[in-house]
Amino acid sequence: MRNKEIKSVVFETRDYNQFKKVKGNREINPSHVNRLKRAIAEKKLDVPILVNKSDNAIMDGQHRLEAYRELGLPIKFMYANFNDHLDVARLNAHQKKWSFDDYCDFHAKRGKQDYGIARHIADKYEVNIEAAVLMLLNKASRYTTMTEDFQVGNFKIPAGHIEKAHALGARMLTARQYVPQYKRAFIGAFIMLNRHPDFNWDRFKSALKANGLKLAGATNRESYLQWFEHIYNSGLAKGRTKYKKLKLVQWVKDRGYNDIDHEFEE
């Protein structure tokens, strides 16, 4: 059976105001527009927006239009015939966004070595790709530029961080037996714990044997931090041990969320 050729006409314009926003469509997200602008600056994305022929309403691509408008570049568009504006909701209802796994496998198959390493870390230490990336970057939580770099193929592992990720992963496997589920909150809190200047793994591993089951009561990052501190400090008499008591929760508060995410503790 021969393929049927369908010719679609693509137009180009700088007359951005000719297009109308569908009433009820989501508001323009400035952060998303800025990400698109950076991507377009790196390599122009010639993906036309989709416009309803009867009234010039944007059915797909309002963020792309805004990005091209702000850059002053001509936008490509195609006409299509829609029954009504509800088709915008119908289109979005059946779209599936790429996951971290999808982006990882895509770039790994295209020869990006750092993505293959992320996949190896994820498989070896039984975490998802997002957690593996956090481990390799030594970050406590995901942030916008990290996600964007990972999606467009710019993910780079800093020097020396592969070894650190393996060491952290081995410790996480030891702690995992006391955690019902590997939640993102646990992984972020565990990274913070290991970055505390007074933290000692041998002490914590020993304390886990006695009190590790208490971690089952943790539900979010803050409660994991509280339980880590409690377990680590259990049995440490002031001035009568070689280990310092951890003030983990206060340390995280003092540093601030952004500092924890964007600084490295060597």
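See the structure printed just above.
Residues numbered from 1 in each chain as written. Predicted model: local features only at pLDDT ≥ 70, side-chain atom pairs only at ≥ 80, totals over all residues. Heavy atoms only, no water.

1. Description of the pairing of strand 4 (residues 57-60)
Applied cut-off: Here, strands pair whenever DSSP counts at least two bridges between them. Here a strand is any run of E in DSSP of at least two residues, a helix any run of H or I of at least four, and the numbering for each starts at the N terminus.
Where strand 2 (residues 20-21) and strand 4 come together, two bridges link them in parallel fashion. Along strand 4, the bridge assignment pairs Lys 21 with Ile 58. Of the strand pairs in this sheet, strand 3 (residues 49-52) and strand 4 are connected by two bridges, and their pairing is antiparallel. Counterpart to Val 51 in the pairing with strand 4 is Ile 58. Hairpin remark: strand 3 followed by strand 4, antiparallel, with four residues in the connecting loop; positive phi at Asn 56, about 65 degrees.

2. A closer look at helix 2 (residues 62-71)
The condition is simple: Whether a residue is buried, partly exposed or exposed follows from its accessible area with a 1.4 Å probe, protein chains only, as a fraction of its type maximum: under 20%, in between, or over 50%, in that order. Only heavy atoms enter the contact rule, under which two residues are in contact if any of them lie within 4.5 Å.
The buried count for helix 2 comes to seven of ten residues, which makes it a mostly enclosed element. For helix 2, the complete set of buried residues consists of Gln 62, His 63, Arg 64, Leu 65, Glu 66, Ala 67 and Tyr 68. Buried residues belonging to helix 2 abut strand 2, helix 1 (30-42), strand 3, strand 4 and strand 5 (75-80). Positioned one or two residues after helix 2, Gly 72 has a phi angle of 75 degrees, which is positive.

3. Some points on unusual backbone geometry
Not every positive phi belongs to a glycine, and Asn 56 is a case in point at roughly 65 degrees. For Asn 56, the location among the structural elements is in the loop between strand 3 and strand 4. Residue classification places Asn 56 among the buried positions, given a relative accessible area of 15%. Unlike most non-glycine residues, Glu 126 shows phi in positive territory, near 60 degrees.

What is shown is where atoms sit, not what they do.
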